[in-house]
Amino acid sequence: MTINILHLYPKEMNLYGDHGNILALTRRLEWRGHKTNVIHYEPGMEIPKDVDIIFGGGGQDSGQGKIEKDLKKIAKVLKEKIEAGVPTLLICGLYQLMGKYFETAEGQRIEGTGVLDLYTKAGPTRLIGNIVIDSEVFGEVVGYENHSGLTYLGEGLKPFGEVKIGDGNNDKDSGEGVRYKNCIGTYLHGPILPKNPKVTDFLIKTALKNKGESIDLRPLDDAVENKAHKVAASRPR
Ligand code: GLN
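As the structure is a prediction and not an experimental result, all values here were calculated from the model.

About the criteria used
Residues numbered from 1 in each chain as written. Predicted model: local features only at pLDDT ≥ 70, side-chain atom pairs only at ≥ 80, totals over all residues. Heavy atoms only, no water. Pairing = 2+ DSSP bridges. Helix = DSSP H or I, 4+ residues; strand = E, 2+ residues; numbered from the N terminus. Right-handed = clockwise from strand over helix to strand, strands pointing away. Axes fitted to C-alpha atoms, helices over the stretch in contact; angles between N-to-C directions. 1 Å grid on protein atoms, 1.4 Å probe; cavity = no way out; pocket = protein on both sides within 12 Å on 5 of 7 lines; lining within 4 Å. Points joined across faces, edges and corners; volume = space filled by probe spheres on them. Nonpolar A, V, L, I, M, F, W, Y, C, P; charged D, E, K, R; others polar. Near = heavy atom within 4 Å. Polar contact = N/O pair within 3.5 Å; in protein donor to acceptor, adjacent residues only side chain to side chain. Areas by Shrake-Rupley, 256 points an atom, 1.4 Å probe, with all protein chains shown as cover.

Colleague: Looking at this structure, I do not really get the pairing of strand β2 (residues 35-41). What am I missing?
Modeller: Put simply, side chains in a regular strand alternate between the two faces of the sheet. Summarising the sheet, strand β1 (residues 2-8) and β2 pair through seven bridges and their orientation is parallel. Considered in β2, the bridge of Leu-8 is made with Tyr-41. What joins β1 to β2 is helix α1 (residues 19-30), and the crossover it makes is right-handed.

Colleague: For this particular structure, what's the right way to read the sheet that holds strand β11 (residues 178-180)?
Modeller: Picture the strands of a sheet paired through backbone hydrogen bonds; they go either parallel or antiparallel. The sheet built from six strands is open, its strands ordered β2-β1-β3-β4-β12-β11 with mixed pairing. Since the sheet does not close on itself, it has two edges, and those belong to β2 and β11, each with one partner. Across this sheet, the average inter-strand angle for adjacent strands is 15°, counted without regard to direction. Both strand β3 (residues 53-56) and strand β4 (residues 88-91) contribute to a ladder of three bridges, which runs parallel. Across the sheet, Phe-55 pairs through a bridge with Leu-89, a residue of β4.

Colleague: Please explain the layout of surface pockets as it appears in this structure.
Modeller: The probe, sized like a water molecule, is rolled over the atoms to show the empty space still left. The volume enclosed by the largest pocket comes to roughly 200 Å³. In this structure, the largest pocket is lined by Asp-134, Ser-135, Glu-136, Val-137, Lys-158, Pro-159, Phe-160, Gly-161, Glu-162 and Arg-179. Counting residues per element, the ones that place at least two in the lining of the largest pocket are β7 (118-135) and β9 (161-165). Among the residues making up the lining of the largest pocket, the classes are represented as three nonpolar, two polar and five charged.

Colleague: Would you mind showing me how to read the site of the ligand here?
Modeller: Around the ligand lies a shell of 17 residues, among which Gly-59, Asp-61, Gln-64, Cys-92 and Gly-149 are the nearest. Within the contact set of the ligand, an oxygen atom lies 2.9 Å away from a side-chain nitrogen or oxygen of Gln-96. Backbone polar atom of Asn-146 to a nitrogen atom of the ligand: 2.9 Å apart, as the coordinates give it. Here the ligand, which alone exposes 300 Å², has 99% of that area covered by the protein. In terms of residues, the shell around the ligand owes the most to one element, strand β8 (residues 139-153), which gives four residues. Tallied by class, the residues present in the shell around the ligand amount to four nonpolar, eleven polar and two charged.

Honestly, that's just the spatial picture; any functional story needs more than this.
Listed below in structure tokens is the structure:
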């Protein structure tokens, strides 16, 4: 079985090891005997019909500005796919832009797709450091955050987890990220997936389930991944 992974804007949106998420997805699929096909989506391209997993990374404000126009063009297709339950992982910059908008510290508004009912405004300081959250579904999730944006979720949207160490979405509540259908939006760089294999396997299982395949994943030896997780969780902020 070939799993098609759509990597959105790998040139403009790829910070703090985000690309490692693609490696974690492809390796863990290949170790289970599946083939992978990574589509590196660049502005101006068409989104193929068969997409099994969507991934989008973070970016500087300038990178977000560069993709704004193109993102608008593909917003409808992305909405259809996310609404249809395609497993999706969005980090920081693209998490923000899958919402309504990101307003920079200079007051410039970068329009998002509006697929997720949330908006982001730059706060007075950058929020930087290791972060530990508690997720209802995945338990402890660790990563690294570096953003100026403060994100506010619309009513009815649930955060990805609750912040235990670090800042997360905003200055008003302890939420981090968002979960909507099979889409996860989060501020966790690091990259998140190699250190949190449960999240990787959720994306993989959901992709296989959507294709009518068995979701009985062969267990892997996660000793290295678990060690990386533990070290990240124990690092002082
Ligand atoms: N430019 C955005 C912010 O600072 C996103 C940063 C990121 O993707 N790390 O909030």
